[in-house]
Amino acid sequence: MKLGEPSLDQLRIFLSVEEEGSFGGAARRMGRAVSAISYGIQQMEAQLGVTLFAREGSRKPVLTEAGRGLLAEARAIAEASDAMLAKTRSLHAGLESDVSLVLDVMVPGDVTAPVLREFRRMFPTVALRLNIEALGAVTACLLEGEAHLAVAGPVVVAHPALEQQAIGEIELVPVAAPDHPLAAGTIAPGDSRHHLQLVLSDRSPLTEGREFSVLSPQTWRLADLGAKHSLLKEGIGWGNMPRHLVREDIAAGRLVELDLPEKPGASYTLSATWRRDARPGPATSWLIDALRDRLARCPGN
């Protein structure tokens, strides 16, 4: 038996009858005559070679076993079509079809999570891709065309292909475990040079040959901020960390904030950055504003 292919309209009629519980209810919902609804079901049944509803012996159409088996597929096709139409309407309205976002690892998760959750609610038709990078690798994603928007730190000098806008800042503080020699008392100028410093490394060539708040010639370079955090708590070296990540450790005595004469801790400025040849659309602009507002409301670093 050669099967036919039901139309999208027939699938919607099928779903309406099932959801409304009657041919009359489906007709009212779709603004059609009952005869048109009945004809659409008959045509779909003829094309598929199955009976979708048991009509005899009941005023209410009841799904047959075949009808129940095809219901999920029919609903998935209709929902996919609805999603495509919604995205098409968004494109005609100037809304991006997708947004690729890369965030500096220093951006607090308490800022990122609620903003992204709200983004998905506000822009359900916009596909969002997220990447987390450190230092120059954030900007490299933009320059290499892997992202539309970056929230980058201050370590990369202005690039002629990029536009940027400051949206907040993170406080960095030097810390070490309480049994580390630098945590013992008064620190003389140059003492930090005699101890291993844990440094966040840059996986991009944009900052090659440049150092940021590196005081010691003895360094371990890590691409992962979480690994650096763990090593610091184990007493392996000292290093700068975002205050929001170590606040509880300092309060609990697991880490000590160091009063280094060189004052390597600093305000780490975060900037929304994008390519000049790809201006932010409505969804991207919303992200910039939402991240700025959330950073401003974030508890003191």
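For every chain, the first residue of its written sequence is number 1, and the numbers climb from 1 along that sequence. Two thresholds apply to this predicted model, a pLDDT of at least 70 for residue-level local features and 80 or more for giving and counting side-chain atom pairs, whereas whole-chain, interface and lining totals are computed over all residues. Side-chain measures here rest on the full set of heavy atoms in the structure, leaving out hydrogens and waters.

Draft legend 1. Up close: the overall build of the protein chain. Helix and strand assignments come from DSSP, with helices taken as H or I runs of at least 4 residues and strands as E runs of at least 2, each series counted from the N terminus. Each helix and strand in the protein chain was counted, giving 9 helices and 11 strands. Just to be clear, the radius of gyration here is over C-alpha atoms, and the globule rule we use is 2.2 Å times residues to the power 0.38. Computed over its C-alpha atoms, the radius of gyration of the protein chain comes to 29 Å, more than 25% above the 19 Å expected for a compact globule of 301 residues. Relative to its 301 residues, the protein chain shows a buried fraction of 42%. If you sum the accessible surface of the protein chain, you get close to 15800 Å²; carbon and sulfur atoms cover 52% of it. Averaging the coordinates of the 32 positive side-chain charges in the protein chain and doing the same for the 37 negative ones gives two points 6 Å apart. The cut-offs for exposure are 20% and 50% of the maximum accessible area for each residue type, with area from a 1.4 Å probe on protein chains only; residues under the lower value are buried, those over the upper are exposed, and the others partly exposed. For the area figures, the Shrake-Rupley method with a 1.4 Å probe applies, and any residue is considered shielded solely by the protein chains shown. By the counting scheme adopted, Arg and Lys are positive, Glu and Asp are negative, and His together with the chain ends is not counted. A single reference atom marks each charge: NZ on Lys, CZ on Arg, CG on Asp, CD on Glu.

Draft legend 2. Structural context of the environment of Arg59. Position of Arg59 relative to the elements: it lies in the loop between strand E1 (53-54) and strand E2 (62-63). Judged by relative accessible area, Arg59 falls into the exposed class, the value being 88%.

Draft legend 3. Spotlight on the pattern of salt bridges. One speaks of a salt bridge when a side-chain nitrogen belonging to Lys or Arg is within 4 Å of a carboxyl oxygen belonging to Asp or Glu. In total, this model carries 14 salt bridges according to the counting rule given. Glu18 is the partner of Arg75 in a salt bridge, and the nearest nitrogen-oxygen pair spans 3.5 Å. With Arg75 in helix H4 (residues 65-92) and Glu18 in helix H1 (residues 8-20), this residue pair connects regions lying 57 residues apart in the sequence. For Arg75, a relative accessible area of 28% corresponds to the partly exposed category. The exposure class assigned to Glu18 is partly exposed, which follows from its relative accessible area of 26%. Among the ionic pairs, Glu19 bridges to Arg75, the shortest N-O distance being 3.9 Å. With a gap of 56 residues between them, Glu19 in helix H1 and Arg75 in helix H4 connect regions that are remote in the sequence. One network of salt bridges, with partners in common, ties together Glu18, Glu19, Glu20, Arg29 and Arg75.

Draft legend 4. Summary view of H1. One less than the number of residues in a helix, times 1.5 Å, gives the span that helix is expected to have. Here H1 contains 13 residues, and its C-alpha end-to-end distance of 18 Å stays within 8% of the 18 Å for a straight helix at 1.5 Å per residue. All of the buried residues along H1 are Gln10, Leu11, Ile13, Phe14, Leu15, Ser16 and Val17. After H1 finishes, the residue Gly21 shows a positive phi value of roughly 85°.

Draft legend 5. Representation of the packing of aromatic side chains in the model. The aromatic pairing rule takes the rings of Phe, Tyr and Trp, using the six-membered ring of Trp, and pairs them if the centres are within 6.5 Å, calling planes under 30 degrees apart stacked, those over 60 edge-to-face and the rest tilted. In total, this model carries 5 aromatic pairs according to the counting rule given. Look at Phe119 and Trp286: their rings are 6.0 Å apart centre to centre, the planes differ by 55°, and that puts the pair in the tilted class. Within this pair, whereas Phe119 is found in helix H5 (residues 109-122), its partner Trp286 is found in helix H9 (residues 282-297), the two being separated by 167 residues in sequence. By relative accessible area, Phe119 is classed as buried at 0%. Taking 5.8 Å as the distance between ring centres and 70° as the angle between the ring planes, the aromatic pair formed by Phe123 and Trp286 counts as edge-to-face. With Phe123 in the loop between H5 and strand E4 (127-133) and Trp286 in helix H9, the pair connects residues that are 163 residues apart, well separated along the chain. In this structure Phe123 comes out as buried when scored by relative accessible area, which is 11%.

Draft legend 6. Quick look at the nonpolar core. The criterion is simple. A nonpolar core is a set of buried Ala, Val, Leu, Ile, Met, Phe, Trp, Tyr and Cys residues joined through side-chain atoms within 4.5 Å. Ranked by size, the top nonpolar core spans 41 residues in total, and within it Tyr268 and Leu287 carry the most contacts. At 6 residues, the largest contribution of residues to this core is made by H9. Leaving out residues up to four positions away in the same chain, Leu287 has contacts with Val99, Leu101, Val115, Leu116, Phe119, Leu128 and Leu149. Ranked by size, the runner-up nonpolar core spans 18 residues in total, among them Ile13, Ala26, Leu52 and Ala74. Any two residues whose heavy atoms approach within 4.5 Å are treated as being in contact.

Draft legend 7. Molecular detail of the side chain of Asp104. Within the secondary structure, Asp104 sits in strand E3 (residues 98-104). One polar contact links Asp104 to Tyr268, side chain to side chain, over a distance of 2.7 Å. Look past the residues within four positions of Asp104 in its chain and what remains in contact with it is Glu133, Leu135, Val138, Val151, Ala152, Gly153, Tyr268 and Leu270. For this analysis, a polar contact is any N or O atom pair within 3.5 Å, provided that within protein one partner can donate a hydrogen and the other can accept it, and provided that sequence-adjacent residues contribute only side-chain to side-chain pairs.

Draft legend 8. Structural view of the environment of Leu225. Along the chain, the position of Leu225 falls in helix H7 (residues 225-233). The spatial distance from the C-alpha of Leu225 to the C-alpha of Leu245 is 9.7 Å, given a sequence separation of 20 residues.

Draft legend 9. Structural detail: unusual backbone geometry. For Leu135, which is not a glycine, the phi torsion comes out positive at approximately 50°. For Leu135, the position within the fold is in the loop between E4 and helix H6 (136-143).

Draft legend 10. Up close: helix H2 (residues 23-30). Regarding H2, the residues found buried are Phe23, Gly25, Ala26 and Ala27. As for H2, its buried residues are in contact with H1 and helix H3 (34-48). The residue sitting at the N-terminus of H2 and contributing the capping side-chain oxygen is Ser22; that oxygen lies 2.8 Å from the backbone nitrogen of Gly25. Directly beyond the C-terminal end of H2, a positive phi value near 65° is found at Gly31.

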